[in-house]
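Given next are the chains, with one letter for each unit.
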Amino acid sequence: MKFAYRFSNLLGTVYRCGNLNFTCDGNSVISPVGNRVTVFDLKNNKSDTLPLATRYNIKCVGLSPDGRLAIIVDEGGNALLASLVCRAVLHHFHFKGAVHSVSFSPDGRKFVITKGNLAQMYHAPGRKREFNAFVLDKTYFGPYDETTCIDWTDDSRCFAVGSKDMSTWVFGAERWDNLIYYALGGHKDAIVGCFFESSSLDLYTLSQDGALCVWQCDTPPEGLRLKAPAGWKADLLQREDGAERETTVHGKAAPTAEEQQGKVKYSRAAKYFFNKEGDFNHLTAAAYHKKVHLLVTGFASGIFHLHELPEFNLIHSLSVSDQRVSSIAINGSGDWIAFGCSGLGQLLVWEWQSESYVLKQQGHFNSMVSLAYSPDGQYIVTGGDDSKVKVWNTLSGFCFITFTEHSSGVTGVTFTSTGYVIVTSSMDGTVRAFDLHRYRNFRTFTSPRPTQFSCVAVNSSGDIVSAGAQDSFEILIWSMQTGRLLDVLSGHEGPISGLCFNPMKSVLASASWDRTVRLWDMADSWRTTETLALTSDALAVTFRPDGAELAVATLDSQITFWDPENAAQTGSIEGRRDLKTGRKELDKITAKHAAKGKAFTTLCYSADGQSILAGGMSKFVCIYHVKEQILRKKFEISCNLSLDAMEEFLNRRKMTEFGNLALIDQDAMEEGGVLIPLPGVKKGDMSSRHFKPEIRVTSLRFSPTGRCWAATTTEGLLIYSLDARMLFDPFELDTSVTPVQIRAALCQRDFTRAILMAFRLNERKLLQEALESVPWDEIEVISSSLPDLYVEKALEFLASSFEESRHLEFYLIWTQKLLMAHGQKLKCRVGTLLPAVQFLQKSIQRHWDDVSKLCDWNRYNLQYALAVSQQRGLKRPSEPPGSGQEADAPEGDDDSLHLLRRGPGAGDGPLA
């Protein structure tokens, strides 16, 4: 049970590629992030990643009209039918080809996919019990090039498909007599979007060159006539258990005049052009809201336009970034617009009427390099190669502050013991300290001569800052209070790869590529107390939380454990076979014989110090038992084949007599590049390149609460937490402990025995019932009678109850009485109890932040009401007698306007 960790959430990356969707209530955005799906709850300010993953990056997501089902299709054509209610995969399917888009019909009975130059209509799953969830109904042919977009009419009778051959095709979902297919031209570039008007067959089509065509239909949707079956054979084909047989509809670009007699006809009513600047600023995404008649278009330069149709009146023209807008979605009410920019990994939700952001999130542009937990476990700070430092809230999953003072890649981040100061090191030659109260860089530490820093560490008191130099092989020591350089430690003969302070003593451990780890004593003028000789280059070093053990990862795939007091090695772990690396597509040798990557580059002890996490240039994270020196579990952080070095063996299908097909940049055209860069080609960006990032784990950290751990990977910031679904985990159970006996003890008011039996059965609902049955005035007596063995379990249960229970004062009384009664005995076991106490502190701190903000808001309202009442009281004597009118507060009053403008708690606290 202690290591039943499961994937919990994905932070650090908010959007990668694919299409955005709003849920039915319009309060949440569904965003594809690599090969996973994240749901951003905009009302409750939370993000949650679904516990499912596809084999490749997600290409498109189709949401059912009732919001219960989602069809998730990746770049390889593999589809998952997922339930958004129970958050589980219901069915797997392969479309046997790359799918560009998928869309459910408004009535939820069918869905259409575009694949290659055709469109396929399937029966929607979930309507009845069936062996195969995906049943093909019809296949529609017509376009000569790849199909790009789909849109349905409101009554689900017809749908339109856009294509790269500059044509738009209207197909009938049923066998209509007067509409089987209709081809629309009029464009000079690929179709980006096609949209039906509300309750009509009128159509809008948009192309990449910024042209909008308005098409009018001479027939209303009610005028479509169902085609009569042609004899008994057709009737026999339609009959079998009420299911239609798969049919094929072939369209013609130029039907004859006889075929068009009595049929539906379209005519172009208008053609408009967007005011785009530059040859490469083509239209990349579009969305249309039928009820509000709002058209939103995005361009390659990051500009988006809002128009009202059919008059094409410009409402807004703004820019969200300098990268192409990849996807646009509008919620059901038409108030919020979601934009996704794959170039920078941006996700924005904009309220167009008030011209304000509802959500604005961006992950690290390049890979994340390092991370650190705050002492209470509420925040995570990450540093990336894009020179940015981001702070994430672990409860909401959002980034609430980004520091951009560094001018080069960030190599190390850490929190001080107070939790309100972040210290970072960078390749730009500076170490910076950031304040989480005022969100500013208040200290900048530099070296006497230019150097690049590879790691950073802060002592337990937060007074001393140290950083390791990569080129001068020195360790620099600064004072946090004054910012002055205190000392420069020399002695290493290679780059410094890791620094770590002893949590209990003033000793600094430094690891280097010179095959040594040196221990520096701060109390003894930074003298080298010990030098630990290693068998290979040191890559990472870390102390156990109690400071009694030191772990070092070396280049020969070993983890060695040392006693820092006696400088004696206490054990070692051979991890060469555990850390299986994959073979890159362009590697000449196999993964088995490749020496690169077969070493751990990051280490982290668990909160209790009994286990250690290790990761490196691989898709696996290993957790070892320190005392037994055995592998407890191996986590596979990703199954995304869109990343490089994921497979142990190369795909032989890509090996030809002319070389590896991976050398051909086949996906450059999708990002606006040139598919075949022939001489004289002017369209597209010749510098556009497509590459596969390599899977790796750059940093690992355990939460101080001990309930979760985080890893910075190529996929993003992955959070693994204890599996809450493990319901039955008994403790010292015997046959006399049953739910009936527990409730009988509660009826007899024997609360202590009932609570002890509930802890032994370890069912959460029974525990909650037993604790909440105790009267508040008897909590002190019951808590003092609990044995010491059950106090830790009671504190863990209270900490988890604070997350969801409304009985805040009741559980606070329980916590206070337990700590008052058993505080002295708990101090003797501070090492094992520290994770539980920190988890408890994190839960109480969250409630304190919420209540304090509410109190500040109430205090602000009272101050404003008092200020207004005082001004009215001063104004009243100057009124003429008998006027009978109350004087309003003057418009130019400074105090009341200042209070109103400032708001509650402005500038106070990390969440203000």
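In this text, all values refer to a predicted model and were calculated from it rather than measured experimentally.

Asker: Just give me the short version of the overall build of the protein, but keep the residues and values in it.
Answerer: Across its full length, the protein holds nine helices and 59 strands. Taken across its 912 residues, the protein has 52% of its residues classed as buried. Nonlocal contacts in the protein, meaning residues at least 24 apart in sequence, comprise 49% of its contacts between residues at least 6 apart. As displayed, the protein offers around 43300 Å² of accessible surface, 51% of which is attributable to carbon and sulfur atoms.

Asker: Can you break down the side chain of His305 residue by residue, with the values?
Answerer: Within the secondary structure layout, His305 lies in strand E25 (residues 303–308). On the basis of relative accessible area, His305 is assigned to the buried category, the value being 6%. When neighbours within four sequence positions are excluded, His305 is seen to be in contact with Phe274, Asn275, Leu295, Val296, Thr297, Phe299, Leu314, His316 and Ser317.

Asker: Any chance you could break down the packing of aromatic side chains for me, citing the residues and the numbers?
Answerer: Counted under the stated rule, the structure contains 36 aromatic pairs. Geometrically, the ring pair formed by Phe274 and Phe299 is edge-to-face, given 5.8 Å between the ring centres and 70° between the ring planes. Highlighted residues: Phe274 in the loop between strand E22 (266–273) and strand E23 (283–289) and Phe299 in strand E24 (residues 294–299), separated in sequence by 25 residues. Residue classification places Phe299 among the buried positions, given a relative accessible area of 1%. With a centroid separation of 5.3 Å and 70° between ring planes, the pair formed by Phe274 and Phe312 is classed as edge-to-face. Placement of the pair is Phe274 in the loop between E22 and E23 and Phe312 in the loop between E25 and strand E26 (313–319), with a sequence separation of 38 residues. The pair formed by Phe274 and Phe312 is uniform in burial state, with each residue classed as buried. Each residue in the set Phe93, Phe95, Phe104, Phe111, Tyr122 and Phe134 is aromatic and connected to the rest through ring pairs, giving one cluster.

Asker: Before we move on, could you go through the UniProt feature "repeat: WD" (unreviewed entry) in the protein and cite the residues and values that matter?
Answerer: The UniProt entry lists residues 361–393, 403–444, 489–530 and 540–572 under the feature "repeat: WD" (unreviewed entry), expressed in the numbering used here. For the annotated span residues 361–393, helix accounts for 0% and strand for 58% of the residues, and the straight-line distance between the end C-alpha atoms is 13 Å. Segment residues 540–572 splits into 0% helix and 61% strand. End C-alpha atoms: 14 Å apart.

Asker: Before we move on, could you go through the sheet that holds E24 and cite the residues and values that matter?
Answerer: The four strands are arranged E23-E24-E25-E26 in an open sheet whose pairing can be described as antiparallel. On the outer flanks of this sheet lie E23 and E26, each paired with one strand and no other. Direction aside, neighbouring strands of the sheet carry axes that sit 15° apart on average. As paired elements, E24 and E25 share five bridges and run antiparallel to each other. By the bridge assignment for E25, Leu295 is matched with His307.

Asker: Go over unusual backbone geometry, please, and point to the residues and values.
Answerer: Here the bond from Leu309 into Pro310 is cis, since omega is 5°, no more than 30 degrees from zero. Here Pro310 shows up in the loop between E25 and E26. Positive phi outside glycine occurs at Arg87, with the angle close to 55°. Tracing the chain through its elements places Arg87 in the loop between strand E8 (78–83) and strand E9 (88–94). Classification of Arg87 by relative accessible area gives partly exposed; the value is 30%. Despite not being glycine, His293 shows a phi value in the positive range, around 60°. Of note, His293 is situated in the loop between E23 and E24.

Asker: Any details on the environment of Thr705? Residues and values, ideally.
Answerer: Along the chain, Thr705 turns up in the loop between strand E57 (697–702) and strand E58 (708–713). Among the polar contacts made by the side chain of Thr705, one reaches the side chain of Ser703 at a distance of 3.0 Å.

Asker: Describe the sheet that holds strand E48 (residues 550–554), and please don't skip the residues or the numbers.
Answerer: Read from one edge to the other, the open sheet built from four strands follows the order E47-E48-E49-E50, with strand pairing classed as antiparallel. Of all strands in the sheet, those bounded by a partner on one side alone are strand E47 (538–543) and strand E50 (568–574). Looking at each pair of strands side by side, their axes are set apart by 20° on average, direction ignored. Pairing analysis gives six bridges linking strand E49 (residues 558–563) to E50, with the strands arranged antiparallel. Each bridged residue has a counterpart across the sheet, and for Thr560 the counterpart in E50 is Ser572.

Asker: Help me get a handle on helix H4 (residues 764–772), residues and values and all.
Answerer: For H4, the set of buried residues is Leu766, Leu767, Ala770 and Leu771. All buried residues of H4 fall inside an arc of 125° around its axis, so they share one side.

Asker: So what about helix H6 (residues 788–801)? Which residues, and what values?
Answerer: The terminal C-alpha atoms of H6 lie 20 Å apart, and with 14 residues this matches the ideal 20 Å at 1.5 Å per residue to within 8%. Of all the positions in H6, only Tyr790, Val791, Ala794, Leu795, Phe797, Leu798, Ala799, Ser800 and Ser801 are classed as buried.

Asker: Quick rundown of the environment of Tyr288? Include the residues and the values.
Answerer: Its place among the elements puts Tyr288 in strand E23. Each residue touching Tyr288, except ones within four places of it in the same chain, is listed here: Phe195, Phe196, Glu197, Tyr204, His293, Leu294, Leu295, Leu309 and Ile330. A polar side-chain atom of Tyr288 sits 3.0 Å from a polar atom in the side chain of Glu197. Looking at Tyr288, its side chain comes within polar contact range of the side chain of His293, at 3.3 Å.

Asker: How would you summarise the environment of Ile623 if you had to cite specific residues and measurements?
Answerer: For Ile623, the position within the fold is in strand E53 (residues 620–625). According to the relative accessible area criterion, Ile623 is buried, its value standing at 0%. Taking C-alpha positions, Ile623 is 4.5 Å from Leu613, a pair spaced ten residues apart along the chain.

Asker: Go over the packing of helix H3 (residues 751–761) against H6 with me, naming the residues and quoting the values.
Answerer: Closest axis-to-axis distance for the H3/H6 pair is 11 Å, and the angle between their directions is 70°. Comparing their axes, H6 and H3 come out roughly perpendicular. Contacts between H3 and H6 involve Leu756, Phe759 and Arg760 from the former and Tyr790, Lys793 and Ala794 from the latter. Looking at the contact of H3 with H6 residue by residue, the classes come out as four nonpolar, no polar and two charged.

Asker: How would you sum up the pairing of strand E40 (residues 464–469)? Please name residues and give values.
Answerer: When you tally the buried positions in E40, you get six out of six residues, the bulk of the element. Side-chain alternation along E40 places Ile464, Ser466 and Gly468 on one buried face and Val465, Ala467 and Ala469 on a second face that is also buried. Relative to E40, strand E39 (residues 453–458) runs antiparallel, the two sharing five bridges. Among the inter-strand pairings, Phe453 is bridged to a residue of E40, identified as Ala469.

Asker: Residues and numbers for the confidence of the model for the protein, please.
Answerer: Scored by pLDDT, the protein has a mean of 83; 85% of the residues are at 70 or more. Every residue in residues 231–245 is under pLDDT 50, and counting partners more than four places away or in other chains gives ten contacts. Scored below 50 in pLDDT, residues 724–729 shows nine contacts in the model against residues more than four places distant or in partner chains.

Asker: Please give an account of the nonpolar core that cites residues and values.
Answerer: Core analysis: the biggest nonpolar cluster contains 36 residues, and Ile742, Ile755, Val774, Trp814 and Leu818 have the highest contact counts within it. Contributions of two or more residues to this core are made by helix H2 (739–747), H3, H4, helix H5 (779–785), H6, helix H7 (808–827) and helix H8 (830–875). Here this core spans two domains, since at least three of its residues come from each of domain 3 (729–771) and domain 4 (775–860). Here Ile742 is in contact with Ala754, Met757, Ala758, Leu761 and Leu766, once residues within four sequence places are set aside. Counting 22 residues, the second largest nonpolar core, distinct from the first, contains Met646, Val697, Phe702 and Ala711.

Asker: Could you give an account of the pairing of strand E52 (residues 611–616), with specific residues and numbers?
Answerer: Buried residues dominate E52, accounting for six of its six residues. Side chains Ser611, Leu613 and Gly615 project from E52 onto one buried face, and the interleaved Ile612, Ala614 and Gly616 project onto a second face that is buried too. With five bridges connecting them, strand E51 (residues 600–605) and E52 associate as antiparallel partners. Bridged to Phe600 within E52 is Gly616. The turn joining E51 and E52, which pair antiparallel and follow one another in sequence, is formed by five residues; a positive phi near 80° is taken by Gly609. Note that E52 and E53 share five bridges and pair antiparallel. Bridge pairing in E53 places Gly615 opposite Val621. Linkage of E52 to E53, two consecutive antiparallel strands, is achieved through a turn of three residues.

Criteria and cut-off values
- Residues numbered from 1 in each chain as written.
- Predicted model: local features only at pLDDT ≥ 70, side-chain atom pairs only at ≥ 80, totals over all residues.
- Heavy atoms only, no water.
- Helix = DSSP H or I, 4+ residues; strand = E, 2+ residues; numbered from the N terminus.
- Buried < 20%, exposed > 50% of the residue type's maximum accessible area, 1.4 Å probe, protein only.
- Contact = heavy atoms within 4.5 Å.
- Areas by Shrake-Rupley, 256 points an atom, 1.4 Å probe, with all protein chains shown as cover.
- Phe/Tyr/Trp six-rings, centres within 6.5 Å; stacked < 30°, edge-to-face > 60°.
- UniProt positions renumbered as here; feature names shortened; annotations may be inferred.
- Pairing = 2+ DSSP bridges.
- Axes fitted to C-alpha atoms, helices over the stretch in contact; angles between N-to-C directions.
- Polar contact = N/O pair within 3.5 Å; in protein donor to acceptor, adjacent residues only side chain to side chain.
- Arc of directions from axis to C-beta.
- Expected span 1.5 Å × (residues − 1).
- Parallel < 35°, antiparallel > 145°, perpendicular 65-115°, else oblique.
- Nonpolar A, V, L, I, M, F, W, Y, C, P; charged D, E, K, R; others polar.
- pLDDT = per-residue confidence, 0-100.
- Core = buried A, V, L, I, M, F, W, Y, C linked by side-chain atoms within 4.5 Å.
- Domains from an automatic or database assignment.

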